[in-house]
Amino acid sequence: MSVETPVARPSETVAAAPELAPEPKLPAVQTPAAAPAAAAAQTSALSLAHPGQLLAEALASLSRVDDSDFDRGSGQEALRAVDRAAAAYVAHLTSGFSPTALTLAFLDWWMHLSAAPGKRAELAVKAARKMARFGTGVLAAALDREAQPCITPLAGDDRFRAPEWQAWPYCLWSQAFLLNQQWWHNATHDVPGVDPHNEAVVAFVARQLLDMFSPSNNPFTNPEVVRRTRETHGMNFVQGWRNFLDDMARKATNQPPPGAEAYAPGKNVAVTPGEVIFRNHLIEVIQYRATTADVAAEPVLIVPAWIMKYYILDLSPHNSLVRYLVEKGHTVFCISWRNVWEEDRDLGFDDYRRLGVMAALDAVGAVVPGRKIHAVGYCLGGTILSVAAAAMARANDDRLASVTLFAAQTDFSEPGELQLFVDPSELYVLESMMWNQGYLSAGQMAGAFQMLRSNDLVWSRMVHEYLMGERTPMNDLMAWNADATRMPYRMHSDYLRKLFLDNDLAAGRYQVDGRPVSLLNLRVPLFVVGTERDHVAPWKSVYKIHQLTDTDVTFVLTSGGHNAGIVSEPGHKHRHYRIHDTKLGELHLGPDEWVEANAPIEGSWWPAWEEWLTAHSAPGRFSLPPIGAPGFAPICPAPGTYVMER
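Residues numbered from 1 in each chain as written. Predicted model: local features only at pLDDT ≥ 70, side-chain atom pairs only at ≥ 80, totals over all residues. Heavy atoms only, no water.

## Here's the deal with the packing of helix α15 (residues 424-437) against helix α19 (residues 489-501)
- Across the interface, α15 lies against α19 with an axial gap of 9 Å and an inter-helix angle of 165°. Taken together, the axes of α15 and α19 lie roughly antiparallel to each other. Read as a crossing pair, α15 and α19 show a hand that is right-handed. Touching Pro424, Leu427, Tyr428, Leu430, Glu431, Met434 and Trp435 of α15 are Tyr489, His492, Ser493, Leu496, Arg497 and Leu501, all from α19.
- Grouping the amino acids of the contact of α15 with α19 by side-chain chemistry returns nine nonpolar, two polar and two charged. (Axes fitted to C-alpha atoms, helices over the stretch in contact; angles between N-to-C directions. Helix = DSSP H or I, 4+ residues; strand = E, 2+ residues; numbered from the N terminus. Parallel < 35°, antiparallel > 145°, perpendicular 65-115°, else oblique. Left-handed = near helix turned anticlockwise from the far one by under 90°. Contact = heavy atoms within 4.5 Å. Nonpolar A, V, L, I, M, F, W, Y, C, P; charged D, E, K, R; others polar.)

Printed below as a string of structure tokens:
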């Protein structure tokens, strides 16, 4: 994850925004722990500095603390500020990684491997066998051009799929790399006694280093690049250099990637007609205009994740989930989150629940009074919706008719490879970096996600755009993905510690208003969607909702990844899904058993969900509701102003 300096706010965004509704009183900027005002002022000022200056000023501040202030806590707080500053400085040098965590992981692996002669002997035998296989493959390739390779890439690895890789000498380099990769997988897994988290870290780092030196990344050992160079007489490198300079200039000036300008919110994407009917410091609530003669009895409220702009669910007209629901006769509302800055550093996870989910429910209830609401949460929005729904159930707040979760985790015991970036040491470094900036930047989040799929998102792109000299065509989903957002320090720290690291929600320890909440209290039906190739919220982790609730759960497993699996409109080719409704009291299946018991269905899962919504709504159709209500008058047309903030 790369550390980025804050960019200037675009003045046109501020000028274009209409007068805001009254904002709730927000918490003032505070130090990481409660402290006297003098220490708070010191650390607050330090938190906006460059990490090097931050550390120097934190050390200098100690000389200004007398003995009486030290005894009252100011000195201890100043020392904590030094610790934070030092960790932020380390994060600046290491791109956000904790060297302590990496060192401990490799020491754990190396010491246990050194104490396991059987494992070392196994690796020696495997190395000898792979050398023999490679030698046989070399001989076969020399004698017969049609010879089969001694090893083939794993599913999803397309680096060596081109026919040129089967020709001499490229077949030797690719097969040597794949055999080496396979051996290192064996070397970093199943070492007796190694902590599972440390094993995963070591395996991940080894894979990243191997991918870096793949023969596909070298212009002299990649036959596709060699062919392209001959065809263009070397002009592919000239164009690749231009692409590289263009990308660096765009990154330095915080500009979107080339082609993204063709997908501007309100012009080409996020164009479903509607009005912003409510705005506070954190959200805008959009009410979409109905397109049918009458509507279903109960409205739908969508809670997207604030790690992303909401319009992934309202992309182009042909793949907009919002438009699909409106055209099916549903009254649809959606939250658009504000893109925060450093002054929002102390907004916490519960602020997002109160100012986000609960405030939006109040707005929907004012427009459509007396009717229950179908709440939909996507990714992190689904997690906070689950917390809000559990708190509402505890308080006997029965405004929800159902809860739908798209690729949203509620149990974080098996969160996939994202857990590599979250352990106590790594989290402390990450928190210190956010404390320094006041937020986690979009670039830092994108860096972590790209590393999880470095073959597709880093190296393959570099080969295609910088060595082949070809730009990847932009589409609406790629343009949306580049339009990322920031997350405030306090909220992200709350989320990572309480939910991701400690798994408080699944354990029944997560507290709202000083009291724990439990998903077992939910009595509304659930519709839960997981995606087969999700690297952010692995579907088996999403599936754990069956073990946490005591209500009907309809689970869908759809093809695609975290985003493409959700944006899966009817008519999209090569899509399939599995679905099963587990009623209250029925036996629960394990995830693998569930897959075996439910055959895939070709097509989009959207119609199945819309039918489910209709089946779980109150009967009858109603006349079109008004746009807005007293106290919630339309403010501006959709997509609003918060989505424009960068």
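## As for the sheet that holds strand β13 (residues 553-558)
- Spatially, eleven strands are ordered β15-β14-β13-β12-β7-β6-β4-β5-β2-β1-β17 in an open sheet, and the strand pairing comes out mixed. Bordering the open sheet on either side are β15 (601-602) and β17 (636-637), each of which pairs with just one other strand.
- Looking at chain direction, strand β1 (residues 274-279) and β17 are connected through two bridges and run antiparallel. Each bridged residue has a counterpart across the sheet, and for Glu275 the counterpart in β17 is Pro637.
- Each of β1, β2 (283-288), β4 (300-303), β5 (332-337), β6 (373-378) and β7 (400-406) touches helix α13 (residues 349-367); the most contacted strand, β5, lies at about 150° to it. (Pairing = 2+ DSSP bridges.)

## With respect to the pairing of β7
- With respect to burial, β7 is a largely interior element, seven of its seven residues being buried.
- Inspection of the sheet shows β6 paired to β7 by six bridges, in the parallel sense. Pairing of His374 across the sheet is with Ser402, part of β7.
- Running through helix α14 (residues 380-394), the crossover from β6 to the neighbouring parallel element β7 is right-handed.
- Pairing of β7 with strand β12 (residues 526-531) involves four bridges; the strand directions are parallel. Within the sheet, the bridge partner assigned to Phe406 lies in β12 and is Val529. (Buried < 20%, exposed > 50% of the residue type's maximum accessible area, 1.4 Å probe, protein only. Right-handed = clockwise from strand over helix to strand, strands pointing away.)

## Remarks on the confidence of the model for the protein chain
- Averaged over all residues, the pLDDT of the protein chain is 85; the fraction at 70 or higher stands at 85%.
- Below pLDDT 50 for its whole length, residues 1-49 participates in 97 contacts with residues either more than four positions away or in separate chains. (pLDDT = per-residue confidence, 0-100.)

## Concerning the environment of Val364
- Within the secondary structure, Val364 is located in helix α13.
- Owing to a relative accessible area of 0%, Val364 belongs among the buried residues under this scheme.
- A sequence separation of 32 residues divides Val364 from Val332, and the C-alpha atoms of the two residues are 9.3 Å apart.
- The contacts of Val364, once residues within four sequence positions are left out, are Pro299, Leu301, Phe333 and Ile373.

## Some remarks on empty space enclosed by the protein
- For the structure on display, the rule yields two cavities of 30 Å³ or more.
- Approximately 40 Å³ is the volume attributed to the second largest cavity.
- Around the second largest cavity, the lining residues are Trp306, Met308, Lys309, Tyr310, Ser336, Trp337, Arg338, Asn339, Thr485 and Val643. (1 Å grid on protein atoms, 1.4 Å probe; cavity = no way out; pocket = protein on both sides within 12 Å on 5 of 7 lines; lining within 4 Å. Points joined across faces, edges and corners; volume = space filled by probe spheres on them.)

## Quick look at helix α10 (residues 223-232)
- Buried within α10 we find Pro223, Val225, Val226 and Thr232.
- Between the side-chain oxygen of the N-cap and the backbone nitrogen of Glu224 there are 2.9 Å, and the N-cap of α10 in question is Asn222.
- Positioned one or two residues after α10, His233 has a phi angle of 55°, which is positive. (Polar contact = N/O pair within 3.5 Å; in protein donor to acceptor, adjacent residues only side chain to side chain.)

## Details of the pattern of salt bridges
- According to the stated counting rule, one finds 31 salt bridges in the structure shown.
- For Lys309, the salt bridge is made with Asp483, and the minimal N-O distance between the two is 2.9 Å. Of the two residues, Lys309 is situated in the loop between β4 and α12 (321-327) and Asp483 in the loop between α18 (476-482) and β9 (487-488); the sequence distance between them amounts to 174 residues.
- For Lys309, a relative accessible area of 2% puts it in the buried group.
- Residue Asp483 is classed as buried on the basis of its relative accessible area of 4%.
- Across the salt bridge formed by Arg353 and Asp350, the nearest N and O atoms sit 2.7 Å from each other. Residue Arg353 and its partner Asp350 are located together in helix α13, separated by three residues, close to a single helical turn.
- The class for Arg353 is buried, based on a relative accessible area of 7%.
- Via salt bridges that share partners, Asp246, Asp247, Arg250, Arg461, Glu465 and Arg471 belong to a single interconnected network. (Salt bridge = Lys/Arg side-chain N within 4 Å of Asp/Glu carboxyl O.)

## Examining the pairing of strand β14 (residues 576-582)
- Where β13 meets β14, six bridges bridge the pair, whose relative direction is antiparallel. Note that in β14 the partner of Phe555 across the bridge is His580.
- Pairing of β14 with β15 involves two bridges; the strand directions are antiparallel. Residue pairing in the sheet places Tyr577 in a bridge with Ile601 of β15.

## Points about the side chain of Arg394
- Mapped onto the elements of the fold, Arg394 is located in helix α14.
- For Arg394, which is buried and forms no salt bridge, the nearest opposite charge comes from Asp513, at a distance of 4.5 Å.
- At 3.2 Å, the side chain of Arg394 and the backbone oxygen of Pro516 are in polar contact.
- Setting aside its immediate chain neighbours within four residues, Arg394 contacts Val512, Asp513, Arg515, Pro516 and Val517. (Lys, Arg positive; Asp, Glu negative; His and termini not counted.)

## Observations concerning the nonpolar core
- By size, the foremost hydrophobic cluster in this structure holds 136 residues, and its most contacted members are Trp605 and Trp609.
- For this core, the element with the highest residue contribution is α13, accounting for eleven residues.
- Here Trp609 is in contact with Leu321, Leu325, Val376, Thr404, Phe406 and Phe527, once residues within four sequence places are set aside.
- Core analysis: the next-biggest nonpolar cluster, separate from the first, contains eleven residues, Cys150, Leu178, Leu179 and Val226 among them. (Core = buried A, V, L, I, M, F, W, Y, C linked by side-chain atoms within 4.5 Å.)

## Re the side chain of Asp314
- Inspection of the secondary structure puts Asp314 in the loop between β4 and α12.
- Put simply, Asp314 is tucked away with no salt bridge, and the nearest opposite charge, on Arg323, sits 5.4 Å away.
- Side-chain polar atoms of Asp314 contact the side chain of Thr272, separated by 2.6 Å.
- Setting aside its immediate chain neighbours within four residues, Asp314 contacts Val269, Ala270, Val271, Thr272, Tyr288, Ser320 and Val322.

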